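The residues making up each chain are set out below.
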Amino acid sequence: MKSLFTAVALSVMLPVVAFAADTAQVGKPAPAFTLKDEAGKEHSLSKYKGKIVVLEWTNPGCPFVQRHYTANTMQKTFGGFDSSKVVWLAVDSTASNTPDKSAAWKKEKGFSFPVLQDPSGKVGKEYGAKTTPHMYVIDDKGVVRYAGAIDDDARGNKTADTTNYVKTAVDALLSGKDVPTATSEPYGCSVKYKS
Amino acid sequence: MTRPRARRTSGGGLFFLAGLGLWLAAGGAGAAPPPASAVASGALDEGKSRVEATLLTDVTQVKPGDSFRVGVLFKMHPGWHIYWKNPGESGLASEISWDTPGSTVGELQWPMPSTLRTSDGFITTYGYEGEVLLSAQAHASEKAEGSLQLSAAADVLVCEVNCLPAQLVLLRQLPVGPETHRDAEHAPAFDAALARVPVAPERANYTVALALDQPSLTTGRAFTGTVTLAGTSGVPPPTVDKDFFVPERVPGIKHLALTAVDGQPGTFKLEGKASPDVPASEPRFTGVLRLGTAASGYHALRLDLPLAPVVKGSAEKGVAPAAAPKAVSAGVPGAAPVAAPAEASGLSLGLVLVFAFLGGLLLNLMPCVFPVLALKAYGFTRTVGDERGRVGAHALAYTGGIIGSLLALALAVLALRAAGHGVGWGFQFQEPLFVAGVAAVLVAFSLNLFGVFNVGTDGTALVEKVDASHGLGRSVGEGVLAVVLATPCSAPMLGTAVGFALTSGPATVILTFVLMGLGLALPFCLLVLVPGLARRLPRPGAWMERFKQLLGFALLGTTVWLVWVMGGLTGVDGMARTLAFLAVVALGAWLYGLVQGTSGTRKLMGVAAAVGLVALGGAWSLRFDEVAPQAARVTGVQAWSEEAVATALAAGQPVFIDFTADWCLTCKFNERTVLQDEDVRAAFAQHQVAFLVADWTRRDARISAKLAEFGRAGVPMYLLVSPSAPDKPEVLNELLTEDTLIDAVRRASGRVADARPY
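Residues numbered from 1 in each chain as written. Chains lettered and ligands numbered in written order. Predicted model: local features only at pLDDT ≥ 70, side-chain atom pairs only at ≥ 80, totals over all residues. Heavy atoms only, no water.

Turning our eyes to something else, we now look at the overall build of chain B. A tally of helices and strands in chain B yields 21 helices and 27 strands. Split into buried and exposed, the 758 residues of chain B put 54% on the buried side. Excluding contacts between residues fewer than 6 apart, the proportion of contacts in chain B whose partners are at least 24 apart in sequence is 75%. Accessible surface for chain B amounts to roughly 31700 Å². Of this, 60% is attributable to carbon and sulfur atoms. (Helix = DSSP H or I, 4+ residues; strand = E, 2+ residues; numbered from the N terminus. Buried < 20%, exposed > 50% of the residue type's maximum accessible area, 1.4 Å probe, protein only. Contact = heavy atoms within 4.5 Å. Areas by Shrake-Rupley, 256 points an atom, 1.4 Å probe, with all protein chains shown as cover.)

Structural data, given as structure tokens:
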């Protein structure tokens, strides 16, 4: 029996199961998810372990999201990162959204990151996403390091000295420093969850 | 904040003239409609504007040096709203910028807002529907002459389901004259709006005190406290309605909430959470309290109290333990009959280790581990004739197997935790593949005991076979098996110990698991190390082969249980698939037994065939679909949810919550004995106890979180919540007895008599 038994017993014991945490909280592990993007490709958070993941709750119908995409805030922020180290995933939890709408919007605004489809709102609610845009930065170990607004310019009328919280957080993580602002109050439209 | 006001549209002047014409037509002073320039609409949606704003004053003429009031009246389209200064979880605060040469405008006065929720209740915001007048005190300069120019730029977000931002620029003139004339039409609107603006408690003859349960706030942690409102000079204690509290935005503080404490008017429970980056300066607690009811009328108080100094949480770096801090906020009474959660009761590491050791010891008696112990004792009778050294080696091997596998489990737990997953005791049994794997090992093991095959020897003599099958490796294996089977049995005391360990540092986790292993290994080691005990065991003989086979059936019995667990996880199909896989494993074992006496190519092919068969069979059969949770298995119970608890408590019912799982034998034992007991059922019925079941058979983050709140990492856990003390649930012993349960139910239903002072 001996070695065979030991090997079998240990090998059935180790491939243990992955667990989701309750909600996304800074300093805590990010809830696991698998969602399809607008092109039908699956994205699992676990697949991106080792990279920094930025989640952006989005809804093209929201004036705040429109403003940022027209001003290229999201596109520029993402473009400023090393794409081998940072993954950007937009998530649309709008109940009425369809992959076609996401694809058309992606084409219109000319950005490259995927738009994950969450029409049931399950992932959005697990993360506690309340507004669009609502941003989360997850470090390479899967721990939430930032949650809140994209920047400190809720009304879009600042001409200078805007702080882009996501960029600040990702830059800090990349250089191994503490995230200076780990939370902020997100602003924008409410997420239009299925109800 | 001033803004350039050069935003009048080209038609504005014309409208202004038209407005002036109307004003003249109405006879000058008195009830005059505001000029057109003082009215603007915005947020165009489907051809309709969703908000209309009017700039108003409470006077028609002002004397230089006098005060007056100025404000913007917002009228929202039905169903649409704008936001308060703290919009809540989404939205944007409404904002008004003034440009008023010749006069100064004070701070904006915000009437108490409404609490608005999305239909699923997930998002809460604060704002105004219908209409609202946001006003401010203004003061005309001593040197004012002619007329004052008043200009306001309102920046509002107007939402129904969709949101539309609107920028509205409003303008009007206020004549300056020898006397100030009150505007008879609009002044009452200002008075009414001001009556809805919260006032300092002293002005309403109240004193307010805040007592926090913690001496300081810890970054990233929840905190609780009590707000007490007392009336002075004969003011009666306040009553409150639904949505009576609206928090202001306090930097670094989240989820501020007040709940009324039943039966204690003026006492409110405060809950909140400090952000990981809360400013180090002492934050204040600010918010608005609406007293009264719809019937009695409302008045609102503005709270502004110092909260507490902030300390940096030690667990901020790396992965913070998910559970322990919440145990404090849960307010678990120190008077809980058994061990309260580690942190809440100030459980020391030493005590936890003692619990771990005793828990491990008790695991030997659990129905899941007992067959292995029997097996071990049987093996021991075979070797007892050998010299002491060899017996000691077996004891060491067995202990090593136990501790080794517990360490592997501890490392797996730590690795999962570092990788960002929450895990609990017995969590592997939530995974169908793991259950199938353990069942397969048990079947293979029992077939080995039946003699279908032998491992590790090609000898043919019976004695040799028995000897060989009791090598040191087997002792190690038995240790491993004991651990694998022990995990679903969260024995008494282990709940606390493991719960504590799983939320502590790596060293504590490992130490706890090792101590538990030593406890688990102790009975057999005692057998070896105490000579008197050993001599009492029966002598070896032919009976041993039959006993060995009998134990094989005991293992098959355990397999039956695992197949049943699988049924709960994956339904009838999953059970059939598991059984098919077990049949294939048995066939593989039989094939292996056929060829093991041979050698060379034949043996190789036989082994390859056996392995291939099991692998193919596994790949074909081990595909499981999760099934919906089955209906409650104790009659008259319902599934647990926070809402169900709240509903029952609101109805004055005590609530019993059974945290259970199919694979938890202690839970099943309690369910089949105590919870089905007639006296217990009668007591439950008599006191109208709401029986809720939280089934953790499958992964459920909500249940994991709830367990963690009480410092537990696994089931069973039994909570009894009294409607008279809803925030102080009683945690019952893991091993229920009829008497303690009935007593606890009586206590919980004893309403005021037993309610602890808050």
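Next up on the list: the overall build of chain A. A count of helical and extended segments in chain A gives six helices and nine strands. Out of the 195 residues belonging to chain A, those deemed buried represent 58%. Split by element, the accessible area of chain A, about 7800 Å² in all, is 53% carbon and sulfur.

Once that is clear, we can look at helix α6 (residues 165-174) of chain A. Residue and element names in this part refer to chain A. Listing the buried residues of α6 in full gives Tyr165, Val166, Ala169, Val170, Ala172 and Leu173. The arc that holds every buried residue of α6, seen down its axis, measures 160°, which confines them to one face. Considering only its buried residues, α6 is in contact with β3 (52-57), α3 (73-79), β4 (86-92), β7 (134-138) and β8 (144-148). Where α6 begins, the capping side chain belongs to Asn164, and its oxygen is found 3.1 Å from the backbone nitrogen of Val166. Once α6 ends, the next one or two residues include Gly176, with phi positive near 75°. (Arc of directions from axis to C-beta. Polar contact = N/O pair within 3.5 Å; in protein donor to acceptor, adjacent residues only side chain to side chain.)

Turning to the packing of aromatic side chains, a few remarks are in order. One pass over the full model with this rule turns up 23 aromatic pairs over all chains. Between A:Trp88 and A:Phe113, the aromatic rings sit 5.5 Å apart at their centres with planes inclined by 35°, giving tilted as the arrangement. Of this pair, A:Trp88 sits in strand β4 while A:Phe113 sits in the loop between α4 (99-109) and β5 (115-117), and the two are 25 residues apart along the sequence. The burial state of A:Trp88 is the same as that of A:Phe113; both residues are buried. Centroid distance B:Phe684 to B:Phe691: 5.6 Å. Interplanar angle 45°. Geometry classified as tilted. The exposure class assigned to B:Phe691 is buried, which follows from its relative accessible area of 4%. (Phe/Tyr/Trp six-rings, centres within 6.5 Å; stacked < 30°, edge-to-face > 60°.)

Next up on the list: unusual backbone geometry. In this chain, A:Thr132 is followed by A:Pro133 through a cis amide linkage whose omega measures -5°. One can find A:Pro133 in the loop between β6 (131-132) and β7. Within the chain, B:Asn205 stands out as a residue other than glycine whose phi angle is a positive 60°. Structurally, B:Asn205 can be placed in the loop between α2 (187-195) and β14 (206-212). Look at B:Gln688: it is not a glycine, yet its phi comes out positive at around 50°. Relative to the elements of secondary structure, B:Gln688 occurs in the loop between α18 (678-686) and β25 (690-695).

Sheet strands associate in pairs through backbone hydrogen bonding, adopting either a parallel or an antiparallel arrangement. All names here are of chain B. In spatial order, the strands read β17-β20-β21; together these three strands make up an open sheet with antiparallel pairing. The open sheet terminates on both sides in strands that have one partner only, identified here as β17 (245-247) and β21 (297-306). Mean inter-strand twist for the sheet, computed between neighbouring axes without regard to direction, equals 20°. With 10 bridges connecting them, strand β20 (residues 284-293) and β21 associate as antiparallel partners. Following the sheet pairing, Thr293 is matched in β21 by Gly297. (Pairing = 2+ DSSP bridges. Axes fitted to C-alpha atoms, helices over the stretch in contact; angles between N-to-C directions.)

So, about the sheet that holds strand β18 (residues 253-260) of chain B. Residue and element names in this part refer to chain B. Read across the open sheet, the four strands follow the order β14-β16-β19-β18; overall the sheet is antiparallel. Of all the strands in the sheet, the pair left with one neighbour each is β14 and β18. Strand-to-strand twist of the sheet, defined as the mean angle between neighbouring strand axes without regard to direction, takes the value 20°. Note: β14 against strand β16 (residues 222-231), seven bridges, orientation antiparallel. Bridge pairing in β16 places Leu212 opposite Gly225.

A word on the nonpolar core. Residues and elements named next belong to chain B. Counting residues in hydrophobic clusters, the biggest one holds 75 residues, and the most contacted among them are Val655, Phe656, Ile657, Phe659, Val715 and Leu741. If you tally residues by element for this core, the top one is helix α8 (residues 432-450), at 13 residues. If we ignore the near neighbours within four places in the chain, the residues touching Phe656 are Leu675, Phe684, Val689, Ala690, Phe691, Leu692, Tyr718, Leu719, Leu720, Leu732, Leu736 and Leu741. By size, the runner-up hydrophobic cluster in this structure holds 44 residues, among which are Leu55, Trp110, Leu174 and Val288. (Core = buried A, V, L, I, M, F, W, Y, C linked by side-chain atoms within 4.5 Å.)

To continue, consider a nonpolar patch on the surface. All names here are of chain B. Together, Leu351, Val354 and Leu358 line one region of the surface with nonpolar side chains, adding up to about 220 Å² of accessible area. Relative to the assigned elements, Leu351 resides in helix α5 (residues 349-363). Residue classification places Leu351 among the partly exposed positions, given a relative accessible area of 39%. (Patch = residues over 30% accessible without salt bridge, like charges linked within 9 Å, V, L, I, M, F, W, Y side chains within 5 Å. Salt bridge = Lys/Arg side-chain N within 4 Å of Asp/Glu carboxyl O.)

Let us now look at the side chain of A:Asp92. Residues and elements named next belong to chain A. With respect to the helices, strands and loops of the structure, Asp92 is situated in strand β4. No salt bridge is formed by the buried Asp92; its nearest oppositely charged neighbour, Lys101, is found at 8.4 Å. When residues no more than four places from it in sequence are discounted, the contact partners of Asp92 are Thr58, Asn59, Pro60, Asn97, Val115, Leu116, Gln117, Asp118 and Pro119. (Lys, Arg positive; Asp, Glu negative; His and termini not counted.)

Below, the discussion takes up the pattern of salt bridges. Residues and elements named next belong to chain B. Across all of its chains, the model carries 26 salt bridges over all chains by this definition. Measuring nitrogen to oxygen at the nearest pair gives 2.7 Å for the salt bridge that ties Arg69 to Asp191. Note that Arg69 is positioned in strand β4 (residues 67-76) and Asp191 in helix α2, a separation of 122 residues in sequence. The class of Asp191 is partly exposed, set by a relative accessible area of 35%. Put simply, Lys85, Glu248, Arg284, Arg302 and Asp304 are held in one network by salt bridges that share partners.

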